[in-house]
Amino acid sequence: MGGSQSREGLELSDSDDYEEDEDNSEEQYDDAQDCYGRPELKPQSSSGTKTLDEIDEKLKSLRIKYPSQSPNLKNAVKLYLHVGGNTPKAKWILSDKFTSYEFVRSDDDDESDGRGENFWILKVGLKIQARVSTDLQLKMFGDQRRVDFVWNGVWALKFFVDEEYRKFVTEFQDCLFENVYKLKPTDENKIKVYGKEFLGWVKPELGDDSMWEDADEGVWKSPAKTPVRVNQDLLEEFEEAATGGGIQSLALGALDNSFLVDDSGVQVVKNFRHGIHGKGVYVKFDSGGQKGSSSVGQSTPKKALLMRGETNMLLLSPFKEGKPHATGLHQLDIETGKVVTEWKFEKDGADITMRDITNDTKGSQLDPSESTFLGLDDNRLCQWDMREKKGMVQNIASANSPVLHWTQGHQFSRGTNFQCFASTGDGSIVVGSLDGKIRLYSKTSMRQAKTAFPGLGSPITHVDVTYDGKWVLGTTDTYLILICTLFTDKDGKTKTGFGGRMGHNIPPPRLLKLTPVDSHMAGKDNKLQRGQFSWVTEGGKQERHLVATVGKFSVIWNFQQVKNSGHECYQNQQGLKSCYCYKIVLKDESIVDSRFMHDRFAVSDSPEAPLVVATPMKVTSFSMSGKR
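The structure presented is a predicted model; accordingly, all values stated were derived computationally and were not measured.

Asker: Explain the packing of aromatic side chains to me, using residue names and the numbers behind them.
Answerer: Two descriptors summarise a pair of aromatic rings, namely the distance from one centre to the other and the angle between the planes of the rings. In this structure the tally under the stated criterion is 18 aromatic pairs. With a centroid separation of 5.3 Å and 85° between ring planes, the pair formed by Phe 198 and Trp 201 is classed as edge-to-face. Note on Trp 471 and Phe 559: the rings are 5.7 Å apart at their centroids and 85° apart in plane angle, and the pair reads as edge-to-face. Of this pair, Trp 471 sits in strand S30 (residues 471-475) while Phe 559 is found in helix H7 (residues 559-563), placing the two residues 88 residues apart along the sequence. For Trp 471, a relative accessible area of 0% gives the class buried. The class for Phe 559 is buried, based on a relative accessible area of 0%. Here a set of aromatic residues connected by ring pairs shows up, and it is made of Tyr 101, Phe 103, Phe 159, Tyr 165, Phe 168 and Phe 172. Sitting over the face of the ring of Phe 141, Arg 146 holds its NZ or CZ atom 4.2 Å from the ring centroid. Over the face of the ring belonging to Phe 177 we find Lys 190, whose NZ or CZ atom lies 5.9 Å from the ring centre.

Asker: For the sheet that holds strand S17 (residues 328-333), give the residues involved together with the corresponding values.
Answerer: Within a beta sheet, neighbouring strands are joined by backbone hydrogen bonds and run either parallel or antiparallel to one another. A sheet is described by the order of its strands in space; here 4 strands give the open sequence S15-S16-S17-S18, paired in antiparallel fashion. Of all the strands in the sheet, the pair left with one neighbour each is strand S15 (303-307) and strand S18 (338-344). Pairs of neighbouring strands in the sheet enclose a mean axial angle of 25°, with direction left out of account. Taken together, the 6 bridges between S17 and S18 define a ladder with antiparallel strand orientation. Considered in S18, the bridge of Leu 332 is made with Val 339.

Asker: Go over the environment of Trp 557 with me, naming the residues and quoting the values.
Answerer: The topology assignment puts Trp 557 in strand S37 (residues 553-558). Between the C-alpha atoms of Trp 557 and Phe 533, which are 24 residues apart in sequence, the distance is 9.6 Å. For Trp 557, the contacting residues outside a window of four places in its chain are Leu 480, Leu 512, Lys 513, Arg 544, His 545, Leu 546, Ala 548, Val 562, Cys 579, Cys 581 and Tyr 582.

Asker: Explain helix H3 (residues 187-194) residue by residue, including any values.
Answerer: Every buried residue belonging to H3 is among Asn 189, Lys 190 and Tyr 194, and all of these are buried. Take H3 and look down its axis: the buried residues cluster within an arc of 120°, on one side only. Residues of H3 that are exposed and angled more than 90 degrees away from the buried face: Glu 188 and Lys 192. Along its buried surface, H3 packs onto helix H2 (162-181) and helix H4 (199-202). Backbone geometry just after H3 places Gly 195 at a positive phi near 95°.

Asker: Tell me about the pairing of strand S12 (residues 257-262), and name the residues and values.
Answerer: With 5 of its 6 residues buried, S12 lies for the most part within the structure. With 4 bridges connecting them, strand S11 (residues 247-251) and S12 associate as antiparallel partners. Residue pairing for S12: Leu 250 is matched across the bridge by Leu 260. Connecting the antiparallel pair S11 and S12 is a turn made up of 5 residues. By the bridge criterion, 5 bridges tie S12 to strand S13 (residues 265-272) in an arrangement that is antiparallel. Bridge pairing links Leu 260 to Gln 267 in S13. Two successive antiparallel strands, S12 and S13, enclose a turn made up of 2 residues.

Asker: For unusual backbone geometry, give the residues involved together with the corresponding values.
Answerer: Look at Asn 152: it is not a glycine, yet its phi comes out positive at around 50°. Looking at where Asn 152 falls in the secondary structure, it is placed in the loop between strand S8 (146-150) and strand S9 (154-159). The exposed category is assigned to Asn 152, whose relative accessible area is 58%. Positive phi outside glycine occurs at Asn 572, with the angle close to 60°.

Asker: An account of the pattern of salt bridges is requested, with residue identities and associated values reported.
Answerer: Counting across every chain of the model gives 19 salt bridges. The salt bridge involving Asp 351 is made with Lys 344; its shortest N-O contact spans 3.5 Å. Classification of Asp 351 by relative accessible area gives exposed; the value is 51%. Note that Lys 362 is salt-bridged to Asp 464, the shortest N-O span being 2.8 Å. Of this pair, Lys 362 sits in the loop between strand S21 (356-359) and strand S22 (372-377) while Asp 464 is found in strand S29 (residues 462-465), placing the two residues 102 residues apart along the sequence. Here Lys 362 matches Asp 464 in class, with each residue buried. Because the salt bridges share partners, they merge into one network encompassing Glu 538, Lys 541, Arg 544 and Asp 599.

The rules behind the values
- Residues numbered from 1 in each chain as written.
- Predicted model: local features only at pLDDT ≥ 70, side-chain atom pairs only at ≥ 80, totals over all residues.
- Heavy atoms only, no water.
- Phe/Tyr/Trp six-rings, centres within 6.5 Å; stacked < 30°, edge-to-face > 60°.
- Helix = DSSP H or I, 4+ residues; strand = E, 2+ residues; numbered from the N terminus.
- Buried < 20%, exposed > 50% of the residue type's maximum accessible area, 1.4 Å probe, protein only.
- Lys NZ or Arg CZ within 6 Å of the ring centre and 35° of its normal.
- Pairing = 2+ DSSP bridges.
- Axes fitted to C-alpha atoms, helices over the stretch in contact; angles between N-to-C directions.
- Contact = heavy atoms within 4.5 Å.
- Arc of directions from axis to C-beta.
- Salt bridge = Lys/Arg side-chain N within 4 Å of Asp/Glu carboxyl O.

Function cannot be inferred from these measures alone, as they are strictly geometric.
Rendered as structure tokens:
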């Protein structure tokens, strides 16, 4: 556990011991192992590691040709390989002291993937041949004329002059655009994809970042910020072994209890100031003896949603293995341990499906009288009412909203490909899509989005929003995208994109990424999942952290640090600002979910409520106290 941005700052070594030793560079590149203690590594100072200036002088004295002296070698670079993972022996070694790169089309390359798909490939000498995509996790070091990336290991390219470095980054971004959108990277096509309002997303250097700075001013000012403590770390408080068949999902409560859901029942645990602890009642799934009712245990619940003052739980189970869609859900009375109702999703007499459900608002699970919840399918957004067996009711749309052709929601034309959604404190809704778009709907109408962000081409697999609706966090397989929804209308008033259409010059988003080394150590088959804010349910309080999981890693970013335009991560970057400063919790098995407890469980010596990390076999709580 600890900061993780230092490992890739290790000095690049040109030690002669490794110059041509390609075989020795085949280190162990497995998924994260239990033995990794994740120390914060400092640049090596041994005689075997020299500064780049010293190495350059030595190479010049040996009369090794430089690009300026070798006009026939185009796009000349040095190639380095990272070895040693995140152990104390980690270092960069020189793989090729003088090679070149090029971007080539797959149809021009003899080693195409054979699928008939045409795309750009990055080739570096004879050692690298990688499809240009976000999977490369490219990280830029402008002050070092260097880029790092992941491809069967972690590599670095060192450029000889600034101009060559900038040319590479521009070419890479153009090839990435073309691979994603199948369009030439012209200004016209970029505007066609993003829209004129999002020019700052295309060319971040032209974007207006002032709204990021103004977000904590005036009427939108956040409450007094907790000072960032340099020595702050995550301290393990409680650990509980799972009961039943292994944890499938985590349902945190804001009151007395939280719940661990497995394929056969629900484990009730107590909420404390330092985490969740103590095995309480184990509620085994039971159909309640209803005739013709199927047991919820026959299908593993995909989603557990607390309702009615956290006395009831809705369990959404896919009707087909491997597919997210469900034809209905089960309503579990936690106090009696019985499934009291088995609901079907139906509209106009026909069965329909839902892929996700969520509460009407950020805090509505605390309302004892809550009877409505939101539903999402590939092309549907609606609200269900448990008081009406036939489903929809018309109580969300105001008199000024358009009348929908079916009440309390909308069925969109094909192509929206909704994937996930979340609600704000006032009931506004954010929806993420397969094409990367993120749409904002007001609390009064689900028919048409007030604002639609174009995304960056990667599917949005999870989405979250702050209680006040000012910030939206989208999760993709390789990065998190943080969007500021604030804008100034024609009357000079500051609003969010939920309440009105955002005008021109919408501020560019910020990306939260893993460093190439951490991304590689997490394992190539492990993707970022479930990025979310810490949890508040009342106005005047601000979320302080963001958390996501990838494989055995739980990754935590400081929200205030990410919003700070002067943050060191953003210096010398080209393109959208990307933050690589975070803490990592490493577990011994893949993580099911990581979430911060409700803000009410933050103690006086901690800037945040405890973090709860669930794996299939255990659940662990971590405090962020600076005193212990």
